[in-house]
Amino acid sequence: FRRVLFRSDRPGGPVRDGRDGLDLRRLRATIAANLTLRSSAFRHAIRLALTVTAAVAVARACELPHGYWAPLTVLWLLRPDFGSTFTRGLQRYAGTTIGAIAATVVAATVHPGQYELAAAATVLAVGIFAFMWSNYALTAICTTGWVVFVASLAGIPELRAAADRLLDTTIGAALTLAGYLLWPTWERAGIPAAVAEVIETDRGYADAVLRSWLDRMGRDDDAIRRARDGARVARTNAEAELRRSLD
């Protein structure tokens, strides 16, 4: 990010870089163009913000212990498409349940000391990062076990820590699925329409630019700007659709 803003590795201090400055202007322009409900990214941002707000409100209203896990679950689960949101929700809930039960059983039967708890928490922390990008269910199992063992180190009973984690995850997962079902984005017919929109909006932008060249006196800068913004939104939507399909 520093490289994009300015180059500070040159003699004499920070010096503006023309190419990086152009990249930053394009980034700002793309963000500004997507501040519309036609943008799938903007719609998802609103959906995510409202669902996280609801999770925080429920946690505060119910005075949940460690209630921050509810909005954190929403941030982990809610994705722009229904398929990955539903799959991750099931995996997180199953992983949290298995992790809570396993960690509680181990803590209740083995009665590990401080060093054993620290060692177990370290192993599970490694598991979190090892499985984060390959298996979400295993990541949830390791995360829940880690929370239970760290809570035990802090003097919180294992059963209570596991129960709190499971309750907060259940609330967060339920709010995530409810938020998506109330404002869904279905992917089945999305890609053909998104690609077609990219072609059409690029055609419109090219047409506006060529018209301005042919008719300098009748040049309409507002029309060119609107066509360019529309093309940016269409491209962003298509890139997001293709990325989700590849995922």
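Note that this is a predicted model, so its numbers are computed, not measured. (Residues numbered from 1 in each chain as written. Predicted model: local features only at pLDDT ≥ 70, side-chain atom pairs only at ≥ 80, totals over all residues. Heavy atoms only, no water.)

1. Structural notes on the overall build of the protein
Argument step 1. Helix and strand counts for the protein stand at 10 helices and 0 strands.
Argument step 2. If you list the helices and strands of the protein from N to C, you get α-α-α-α-α-α-α-α-α-α.
Argument step 3. A total of 247 residues make up the protein; the buried ones form 35% of that total.
Argument step 4. In the protein, of all internal contacts separated by at least 6 residues, the share reaching a separation of at least 24 is 68%.
Argument step 5. Looking at the protein as shown, the accessible area adds up to about 14900 Å², and 65% of this sits on carbon and sulfur atoms. (Helix = DSSP H or I, 4+ residues; strand = E, 2+ residues; numbered from the N terminus. Buried < 20%, exposed > 50% of the residue type's maximum accessible area, 1.4 Å probe, protein only. Contact = heavy atoms within 4.5 Å. Areas by Shrake-Rupley, 256 points an atom, 1.4 Å probe, with all protein chains shown as cover.)

2. Some remarks on the packing of helix α5 (residues 82-110) against helix α8 (residues 158-182)
Argument step 1. Running from N to C, α5 and α8 cross one another at 170 degrees; their axes reach a closest spacing of 9 Å. Taken together, the axes of α5 and α8 are roughly antiparallel relative to one another. For the pair formed by α5 and α8, the contact residues are Phe82, Thr85, Phe86, Arg92, Tyr93, Thr96, Thr97, Ala100, Thr104 and Ala107 on the first element and Glu158, Leu159, Ala162, Arg165, Leu166, Thr169, Thr170, Thr176, Leu177, Tyr180 and Leu181 on the second.
Argument step 2. Residues belonging to the contact of α5 with α8 are distributed by class as follows: 11 nonpolar, 7 polar and 3 charged. (Axes fitted to C-alpha atoms, helices over the stretch in contact; angles between N-to-C directions. Parallel < 35°, antiparallel > 145°, perpendicular 65-115°, else oblique. Nonpolar A, V, L, I, M, F, W, Y, C, P; charged D, E, K, R; others polar.)

3. A short note on the packing of aromatic side chains
Argument step 1. Scanning all chains against the criterion turns up 1 aromatic pair.
Argument step 2. It is Arg165 that lies over the ring of Trp69; its NZ or CZ is 3.8 Å from the centre. (Phe/Tyr/Trp six-rings, centres within 6.5 Å; stacked < 30°, edge-to-face > 60°. Lys NZ or Arg CZ within 6 Å of the ring centre and 35° of its normal.)

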